[in-house]
Amino acid sequence: MKQQHLQLDNNKRLRHFLTTEGLKRDLLVEILDTAESFTSITHQQVKKVPLLRGKTVVNLFFEASTRTRTTFELAAKRLSADVLNINVPASATNKGETLLDTLRNLEAMHCDMFVVRHQNSGAAHFIAQHCAPHVSVLNAGDGSHAHPTQAMIDMFTIRRHKQEFHTLSVAIVGDILHSRVARSQIHALSTLGVPDIRVIAPRTLIPAEASSLGVHVYHDLDQGLDGVDVIIMLRLQRERMSSALLPSEHEYFKLYGLTKEKLALAKPDVIVMHPGPINRGVEMDSSVADGEHSVILQQVSHGISIRMAVMSMTMQHDLHSGQDT
Ligand code: NCD
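Basis of the calculations
Residues numbered from 1 in each chain as written. Predicted model: local features only at pLDDT ≥ 70, side-chain atom pairs only at ≥ 80, totals over all residues. Heavy atoms only, no water. Helix = DSSP H or I, 4+ residues; strand = E, 2+ residues; numbered from the N terminus. Buried < 20%, exposed > 50% of the residue type's maximum accessible area, 1.4 Å probe, protein only. Polar contact = N/O pair within 3.5 Å; in protein donor to acceptor, adjacent residues only side chain to side chain. Contact = heavy atoms within 4.5 Å. Core = buried A, V, L, I, M, F, W, Y, C linked by side-chain atoms within 4.5 Å. Domains from an automatic or database assignment. Pairing = 2+ DSSP bridges. Axes fitted to C-alpha atoms, helices over the stretch in contact; angles between N-to-C directions. Expected span 1.5 Å × (residues − 1). Right-handed = clockwise from strand over helix to strand, strands pointing away.

Asks: Account for the side chain of N59, with residues named and values stated.
Replies: Assignment of secondary structure puts N59 in strand 1 (residues 56–61). Overall, N59 belongs to the buried group, its relative accessible area being 1%. A distance of 2.8 Å separates polar atoms of two side chains, one belonging to N59 and the other to N85. Apart from the residues lying within four places of it in its own chain, the contact partners of N59 are R69, F72, E73, V83, L84, N85, I86 and V115.

Right under this line is the structure:
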C-alpha cells in the first residue's frame, strides 16, 4: 500500500517507478501510449530527443544484467541524458549503510535519476524513501519482488499484437515463486482488465499467495495452455533457489517445456514471450523460441521505448512533493 503513495507525487503523477502493484489503469495506459509515441525515434536518422538534456541518470546495478541495463542506458541516451553505469559486484555489497552511503555520494554529484537493480526485495523502495526530492528512482528488479519496466514491456508487446486486454487468456509458465517479472506482470495484467490469468508450474514453484492474486493455478501444462492467447515463459531462477525444488532440468522440460506440440494446444494466433535470458532446452525448445509465434526479440526492442516513457514521465514530477512513505 505504502509503495503506491511513494511512487506518486502530490498531483498523482509518477515520481518513482517501483512496482506495478496499486497503480491505476489510466497511468499504466499512459506509460504504454507514451512508449508508443517514442517508437518512431528509433527509425529516425538522429535517434535523439532533448527531453532529459542536462539530466544525469545513474544505472546502479548490484546484480548481473545485459538486456535491462543496456536498454535503460540506450533509453537515457535517446532522451539526451548523461549516463553513468555503476556495476557493484554483488559480493561486495552490504545492504543498509552501504546503500545509503552510495546514494549520498551520487546525490553529491547532482544525479537526477537512479535506475536500481538489487538482489534484495525492497532495495529500490528503500532508496526512494531516502533520496532527495528532485531524484526519481526506477526499479530495474529487486530480489523476487518486482520488475515493473519488464512487465510494462510485456504489456506493450501484448497490446501491439492483441489490441485489447479484456478478452485475453494469458498463461505464465515456470518459476513463478522466484520471479519478480511474474509478480509485476500479474498486477499489470489484472489492472489492464485481463479476465483469465493462468500460472502454470510445479507445486514447489508456485508462491503460497498465488490464489489471492486472482490467478488460476495449473500444475498441468496441457490443461493450462488450452485456448490461451499469450504464453509467457519464465527462466528457472536457480540462483534464488535455496533447496532442491525440482528434479532434473531434463525432467522439468518433459513436464513444463514449451514444444511445438504443446504450442498447438493454444489459440492458432498465440504469441510466445520470454523476458530473457532463455535457457534453450530447459523452459522451451529452440524451434519455439525462434519460431513464428515468438515475439521475444520484439520484447527487447520495446524495452527502449518503455524505459524512455517511464524516464520522461518521472522526470516531470512535482518537485514540491512531500517524502510520503
Ligand atoms: C529477468 C530478471 O532479471 O528478473 N530478466 C530480465 O530482466 N530481462 C528474468 C530472469 O532473470 O529470468
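Asks: An account of the nonpolar core is needed here, citing residue identities and associated values.
Replies: By size, the foremost hydrophobic cluster in this structure holds 85 residues, and its most contacted members are I172, I231 and M311. Here the element with the most residues in this core is helix 12 (residues 296–314); it accounts for eight residues. Here this core spans two domains, and each of domain 1 (2–144 + 301–321) and domain 2 (148–299) adds at least three residues to it. Residues in contact with I172, not counting those within four places in the same chain, are A182, Q185, I186, L189, I197, R198, V199, I200, I232 and L234.

Asks: Describe the sheet that holds strand 5 (residues 169–173), and please don't skip the residues or the numbers.
Replies: Neighbouring strands of a sheet are bound in pairs by backbone hydrogen bonds; such pairs are parallel or else antiparallel. Strand order across the open sheet formed by five strands is 7-6-5-8-9, with parallel pairing between neighbours. If you trace the sheet from one side to the other, it starts and ends with strand 7 (216–218) and strand 9 (271–273), each paired once. The sheet shows a mean angle of 20° between the axes of neighbouring strands, direction not considered. Here five bridges tie strand 5 to strand 6 (residues 196–200), and the two strands are oriented parallel to one another. Opposite V170, over in strand 6, you have I197 as the bridge partner. Set on the sheet, helix 7 (residues 180–191) makes contact with strand 5, strand 6 and strand 8 (230–233); between it and strand 5 the angle comes to about 170°.

Asks: I'd like a rundown of the pairing of strand 2 (residues 82–87), residues and numbers included.
Replies: Bridge analysis of strand 1 against strand 2 gives six bridges, and the strand direction is parallel. Across the sheet, F61 pairs through a bridge with N87, a residue of strand 2.

Asks: Go over helix 6 (residues 148–162) with me, naming the residues and quoting the values.
Replies: The end-to-end C-alpha distance of helix 6 is 21 Å, a good match for the 21 Å that 15 residues give at a rise of 1.5 Å each. Where burial is concerned, most of helix 6 is hidden: 12 out of the 15 residues are buried. Taken as a whole, helix 6 has its buried residues at P148, T149, Q150, A151, M152, I153, D154, M155, F156, T157, I158 and K162. Immediately downstream of helix 6, the backbone of Q163 shows phi near 65°, a positive value.

Asks: So what's going on with the pairing of strand 6? Which residues, and what values?
Replies: Both faces of the sheet carry side chains from a regular strand, because those side chains alternate between them. Across the five residues that make up strand 6, a large majority, five, are buried. Residue alternation in strand 6 divides its side chains into two sets, D196, R198 and I200 and I197 and V199, and both sets are buried. Between the parallel pair strand 5 and strand 6, the chain is carried across by helix 7, and the sense of this crossover is right-handed. Here strand 6 runs beside strand 7; their pairing, made up of three bridges, is parallel.

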